[in-house]
Amino acid sequence: MKTDLISRRQLLKSAGALGMLALLERFAPAYAWARPTKLAQTGELTGNIIDLTIAETPFRVGNRSGTAVTINGTVPGPLVRLREGEEVTLNVTNRLKEIASIHWHGVLVPPDMDGVPGVSFGGIKPGTTFTYRFPLKQSGTYWFHSHSGFQEQVGVYAPMIIDPREPDPVKYDRDYAVVLSDWTFEDPMKMMGKLKKQAGYFNFQRRTMKEFLSVAKKNGWRATFEDYRMWARMRMDPTDLADVTGHAYTYLINGLPSASNWTGLFRSGERVRLRFINASAMSIFDVRLPGLKMRVVQADGQNVQPVEVDEFRIATAETYDVIVEPKEDRAYTIFAESIDRGGYTRGTLAPRPGMSAEIPARRPRPLRTMEDMGMIVEGMGEMPGMQHGKEMEGMPNEPGEHNMRDMENMPGMQMEDQHRSEIPGSAPVKHGPDTHGSGNQMVPDVTRSRLDEPGAGLGNDGRRVLVYTDLKSLHPYPDRRAPEREIEIHITGHMERFIWSFDGKKFSEAKEPIHFRFGERLRWTFVNDTMMEHPLHLHGMFMELENGAGEHLPRKHTINVKPAERLSVAITADAPGRWAFHCHLLFHMEAGMFRVVEVSEKASEVRS
């Protein structure tokens, strides 16, 4: 009689034959061990009733082991694959000693099913099961994760694919979920404590004396001294691109480190759909597959007009679906490099198991510039459209609401035509006199749209990099009303104290939610006063990014806002209830960059 039990000797023998991969398989979901499509799907959960369990589980990365908080025993959790138009029931059992939760990221659900403790429900108490039940109104690539404390950092996240009810406009022969994440064996609470004491604690790429001398030799002593003096006066560092870096993190693909080399198989000539999900807590990745063009077909679960690129930046919580068509009988590296170049993870696409390709050389870490920070430096010349010493015509200096007559008078704000629309913030806008109090360390001199920029460290090597202005929805969305009003909110923070906020106030200091009137169409303008990227996520409703695409504005659930950037989104407030809005960098959210948006029939007069 066969038995599922194996002896320790047999286990060691098997481990010796397969290396550590076989042992690691215990801790990675089945879909992480990719095989031809049919077999690759054996680990996924499907159907109308799905059971999920959150619990502590032993977890190994490389030669270290520890404890993760898992969904159904793996990191990431199981791939949940559903179909648009059906109603799904998800029973989530909490085996922890603390409250847990699951939020369905980007999925349009009733507010009491959104899974944010303190906003939409009370959380899942230890030893209990909470039943989520909701209809699936959309299709696409999404994911789900805990919204309780630091549980997301320690493993509570997983991919979700909702297949379309109608024939998929994207043609492909096989698909893989590619979940990018960051893992640490360190207690996240202790990491937060270190950041509170020293915001640059994990930055080991600061400029050195040797670099100073090299720059001075190239740019001259006076210019170099002035540059260093300005950064010192601001008490900031141009190498500060990530608060938590590869010093603390091991970057993973589908729960596996680079050494384990997650591999997706293909047959030559096939169209392979890679569904990239950035499920990290604090990491922004630059993704490429050397030797292959990538055709971006979906962003944040929404179909977009195909655009061919060599590389794309994926911020925390974003998703991008790409099609690749490998034709050669060889392996290709999937390379995801952290924004500060402090680390990477890699996987492989290959025609056969066990193959690998060259890992690209690491690129130098980028430096922020004063221009990146929105600072006007003497001698740099005037910015196009900027008037020194004058208020910007038609632009209020106080953040808050604006009516449409004000907006029509702003530079570069003519209303859209059928094929193209103006991009709010295209002309630089002088920052108003409100510096947002002691909770904000700096304000830029000017802010402007940076939607056509690839981002720090990208775009200077000949590669075609995806930018937000490339994104155009495949079809226009139904609500084409012009926004009735505008809300402006400033992204603020104090780097040295590691306080992150909106309009200078942490969530604990914000007395009122942000109000949307049910049924209204509004414009929400984000102004980033800080030197960091912030991926902003709105629950319950999609945001249409005003990127100049006319009636094809792309919908997104998460938008990465660059330093000193001003960008706008159009929102149809069609989801009554209370919703979370926050930066999806977990430590920023926990430090205060969080708000509640309330959609109701009667809006309060309280400003954001």
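From a predicted model like this one, the values you see are computed outputs, not experimental measurements.

Looking only at helices and strands, the protein features 8 helices and 33 strands. The buried share of the protein, taken over its 608 residues, is 60%. In the protein, 77% of the contacts between residues at least 6 apart in sequence involve partners at least 24 apart. Approximately 25,000 Å² of the protein is accessible, and the part contributed by carbon and sulfur atoms is 50%.

With that settled, the discussion passes to the sheet that holds strand β14 (residues 294-299). Sheet strands line up and pair through hydrogen bonds in the backbone, either parallel or antiparallel. Ordered in space as β10-β9-β12-β17-β14-β15, the 6 strands form an open sheet in which the pairing is mixed. The outermost strands of the open sheet, each flanked by one partner alone, are β10 (250-253) and β15 (302-309). Across the sheet, the mean angle from the axis of one strand to that of its neighbour is 25°, orientation sign disregarded.

All right, on to the pairing of strand β17 (residues 319-324) then. For β17, a buried count of 6 out of 6 residues is recorded, marking the element as mostly surrounded by other parts of the structure. Taking every second residue as pointing to the same face, both faces of β17 are buried, with T319, D321 and I323 on one and Y320, V322 and V324 on the other. Sheet topology places strand β12 (residues 272-278) next to β17; 6 bridges connect them, and they run antiparallel. The residue bridging I277 from the neighbouring strand is T319, located in β17. Sheet analysis places β14 next to β17, joined by 4 bridges and oriented antiparallel. Paired with V296 across the two strands is V322, which belongs to β17.

L274, F276, L349, F516, W524, F526 and F587 are the most contacted members of the largest nonpolar core, which has 97 residues in total. Those residues in contact with F526 that sit more than four places away from it in its chain are I489, I491, L536, M543, V561, E565, R566, L567, V569 and F581. Of all hydrophobic cores here, the second largest spans 30 residues; its members include I50, V88, V92 and F134.

Let us now look at the packing of aromatic side chains. Inspection of every chain in the model, using the stated rule, returns 28 aromatic pairs. Seen from their ring centres, F526 and F581 are 5.7 Å apart, and the 25° between their planes marks the pair as stacked. Pair noted here: F526 is in strand β26 (residues 521-528) and F581 is in strand β32 (residues 577-583), with a separation of 55 residues, a long-range link. In this structure F526 comes out as buried when scored by relative accessible area, which is 0%. In textbook terms, an aromatic cluster arises when at least three aromatic residues are bridged by ring pairs, as seen for W104, F121, F130, Y132, F134 and F144. Over the ring of Y228 we find R207, and its NZ or CZ is 3.7 Å from the ring centre. One cation-aromatic arrangement involves R555 over Y477; the distance from NZ or CZ to the ring centre is 3.9 Å.

All right, on to the side chain of R521 then. Mapped onto the elements, R521 comes out in strand β26. In this structure R521 comes out as buried when scored by relative accessible area, which is 2%. A polar side-chain atom of R521 sits 3.3 Å from the main-chain carbonyl oxygen of D479. Beyond its immediate chain neighbours, meaning those up to four positions away, R521 contacts D479, R480, R481, A482, P483, E484, R485, E544, A570, I571 and T572.

Calculation criteria
- Residues numbered from 1 in each chain as written.
- Predicted model: local features only at pLDDT ≥ 70, side-chain atom pairs only at ≥ 80, totals over all residues.
- Heavy atoms only, no water.
- Helix = DSSP H or I, 4+ residues; strand = E, 2+ residues; numbered from the N terminus.
- Buried < 20%, exposed > 50% of the residue type's maximum accessible area, 1.4 Å probe, protein only.
- Contact = heavy atoms within 4.5 Å.
- Areas by Shrake-Rupley, 256 points an atom, 1.4 Å probe, with all protein chains shown as cover.
- Pairing = 2+ DSSP bridges.
- Axes fitted to C-alpha atoms, helices over the stretch in contact; angles between N-to-C directions.
- Core = buried A, V, L, I, M, F, W, Y, C linked by side-chain atoms within 4.5 Å.
- Phe/Tyr/Trp six-rings, centres within 6.5 Å; stacked < 30°, edge-to-face > 60°.
- Lys NZ or Arg CZ within 6 Å of the ring centre and 35° of its normal.
- Polar contact = N/O pair within 3.5 Å; in protein donor to acceptor, adjacent residues only side chain to side chain.

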